[in-house]
Amino acid sequence: MSKPIIRPIKKSDNEQLAKVIRQVLIEMGVPKVGTAYADTALDMMYETYDYPKATYFVVEDQGRIIGGAGIAQLDNYEGNVCELQKMYFLEETRGRGIGNEMMKTCLSEARKYNYDQCYIETMPYMKAAQKLYQRTGFKYIDGPMGDTGHFSCPVHMLIDLD
């Protein structure tokens, strides 16, 4: 088994990445409304993260995209808070420590951009993801921050980046 690499997204990754994300969302039984599934950004992830203080990383294994995650300013929020966004991995990727590496990569980028905190929204049944977030230092908070449009994601978590 090869060692996958984590790298910044390229425009040529857009189509393959959109398929990966939608495949994972369907597999997880995520509602198609009020979640990342409905985001128009899924088909143009390179362009979506092509602005200051935002980066999307993909996991590539032998030329294939098998997952990804990004950091960007939290939508509709006044504070200096970023959001860990669209962190999804194909089933074959899970359990290999790649999620942990991706978390380190994204939070390092968030610190480089001088964000104060990082926010996450997820689904209640995504227990493995929540365990990863907690191991990284995220804590549950009582409600949403900002307005991401993901009203179907009722679990909210936050980490201080100092």
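Residues numbered from 1 in each chain as written. Predicted model: local features only at pLDDT ≥ 70, side-chain atom pairs only at ≥ 80, totals over all residues. Heavy atoms only, no water.

A. Spatial organisation of helix α3 (residues 98–112). For α3, which comprises 15 residues, the first-to-last C-alpha distance of 21 Å matches the rise-based estimate of 21 Å (1.5 Å per residue) to within 8%. Just downstream of α3 lies Asn114, where phi reads positive at about 65 degrees. (Helix = DSSP H or I, 4+ residues; strand = E, 2+ residues; numbered from the N terminus. Expected span 1.5 Å × (residues − 1).)

B. Here's a closer look at helix α4 (residues 127–136). Among all positions in α4, only Gln130, Leu132 and Tyr133 are buried. The arc that holds every buried residue of α4, seen down its axis, measures 160 degrees, which confines them to one face. Facing away from the buried surface of α4 by more than 90 degrees, the exposed residues are Lys127, Ala128, Lys131 and Arg135. Looking at the buried residues of α4, the elements they touch are β4 (81–89), α3, β5 (117–122), β6 (139–140) and β7 (155–160). One or two residues past the end of α4 sits Gly137, with phi positive at roughly 120 degrees. (Buried < 20%, exposed > 50% of the residue type's maximum accessible area, 1.4 Å probe, protein only. Arc of directions from axis to C-beta. Contact = heavy atoms within 4.5 Å.)

C. Quick peek at the sheet that holds strand β2 (residues 55–61). In space, the seven strands of this open sheet follow the order β1-β2-β3-β4-β5-β7-β6, with mixed pairing throughout. Either end of the sheet is taken by a strand with one partner, and the two such strands are β1 (5–8) and β6. In this structure, strand β3 (residues 64–73) lies alongside β4, joined through six bridges in antiparallel fashion. Across the sheet, the residue bridging to Gly68 is Tyr88, located in β4. Contacting β1, β2, β3, β4, β5 and β7, α3 runs over the sheet at an angle of about 155 degrees to β4. The sheet strands contacting α4 are β4, β5, β6 and β7, and the helix crosses β7 at an angle near 20 degrees. (Pairing = 2+ DSSP bridges. Axes fitted to C-alpha atoms, helices over the stretch in contact; angles between N-to-C directions.)

D. Geometry of the environment of Phe89. Along the chain, the position of Phe89 falls in strand β4. Distance from Phe89 to Val59, taken between C-alpha atoms, is 8.4 Å for residues 30 residues apart in sequence. Setting aside residues no more than four positions away along its own chain, Phe89 makes contact with Val24, Val59, Ile66, Gly67, Gly68, Arg94, Ile98, Gly99 and Met102.

E. Quick peek at the nonpolar core. Grouped together as the largest cluster of nonpolar side chains are 46 residues, with contacts concentrated most on Leu84, Met87, Cys118 and Phe138. When residues of this core are traced back to their parent elements, those giving at least two are α1 (14–27), β2, β3, β4, α3, β5, α4 and β7. Each residue touching Leu84, except ones within four places of it in the same chain, is listed here: Ala69, Gly70, Ile71, Met103, Cys106, Cys118, Tyr119, Ile120 and Tyr133. Core analysis: the second largest hydrophobic core is formed by five residues, Leu74, Val81, Tyr119 and Leu158 among them. (Core = buried A, V, L, I, M, F, W, Y, C linked by side-chain atoms within 4.5 Å.)

F. The arrangement of the pairing of β2 in detail. Buried residues dominate β2, accounting for seven of its seven residues. Burial along β2 is two-sided: the face carrying Thr55, Phe57, Val59 and Asp61 and the face carrying Tyr56, Val58 and Glu60 are both buried. Bridge analysis of β1 against β2 gives four bridges, and the strand direction is antiparallel. Following the sheet pairing, Ile6 is matched in β2 by Val59.

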